[in-house]
Amino acid sequence: MTTRNNGDRNNNGDRNNDERRERLAAGIRRQFGTEATMGFLRALPAFRMENDIPDRFKELLDRLDGIESSVAAGGRRR
């Protein structure tokens, strides 16, 4: 009869939990990135961009969008 070492079971359990968390995180990122979700969020008052914000803030938001796009495409942050 073969018995498992508690350390092995914990390592396997930790690895399985890490894999589950990674799959869950990837699924959530994928769902938040869909056009349907982004359109829904844009319709919510908390996520709407005000038209009367200062130009400097608009520029910063544009830069942030560009950085997010490049990171999502596999680019590196500068």
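Residues numbered from 1 in each chain as written. Predicted model: local features only at pLDDT ≥ 70, side-chain atom pairs only at ≥ 80, totals over all residues. Heavy atoms only, no water.

S.K.: An account of the overall build of the protein is requested, with residue identities and associated values reported.
M.R.: When its secondary structure is counted, the protein shows three helices and zero strands. Shown N-terminal to C-terminal, the secondary structure of the protein runs as helices and strands in the order α-α-α. Scored against the burial criterion, the 78 residues of the protein give a buried share of 1%. Counting every atom, the protein has about 7,500 Å² of accessible surface; 51% of that belongs to carbon and sulfur. (Helix = DSSP H or I, 4+ residues; strand = E, 2+ residues; numbered from the N terminus. Buried < 20%, exposed > 50% of the residue type's maximum accessible area, 1.4 Å probe, protein only. Areas by Shrake-Rupley, 256 points an atom, 1.4 Å probe, with all protein chains shown as cover.)

S.K.: Could you give an account of the pattern of salt bridges, with specific residues and numbers?
M.R.: Overall, the coordinates contain three salt bridges when judged by the stated rule. Here arginine 42 ties to glutamate 35 by a salt bridge, and the two come within 3.5 Å at their closest N and O atoms. Given a relative accessible area of 45%, arginine 42 falls into the partly exposed group. Overall, glutamate 35 belongs to the exposed group, its relative accessible area being 53%. When the shortest N-O distance is used, the salt bridge between arginine 56 and glutamate 59 registers 3.8 Å. Taken together, the residues arginine 56 and glutamate 59, both in helix H3 (residues 55–72) and three residues apart, mark about one turn of the helix. Exposure remark for arginine 56: the relative accessible area of 47% places this residue in the partly exposed category. (Salt bridge = Lys/Arg side-chain N within 4 Å of Asp/Glu carboxyl O.)

S.K.: Quick one: what's the story with H3, residue by residue and with numbers?
M.R.: The periodicity of an α-helix, 3.6 residues per turn, causes residues three or four positions apart to be oriented the same way. Here H3 is 18 residues long and its end C-alpha atoms lie 26 Å apart, about the 26 Å a rise of 1.5 Å per residue gives. With its phi angle positive at about 95°, glycine 74 sits one or two positions after the end of H3. (Expected span 1.5 Å × (residues − 1).)

S.K.: Pulling in residues and values, what's your account of the confidence of the model for the protein?
M.R.: The predicted model of the protein averages 81 in pLDDT, with 81% of residues at 70 or higher. Ranking the helices and strands of the protein by mean pLDDT puts H3 first, with 90, and helix H1 (residues 6–32) last, with 82. (pLDDT = per-residue confidence, 0-100.)

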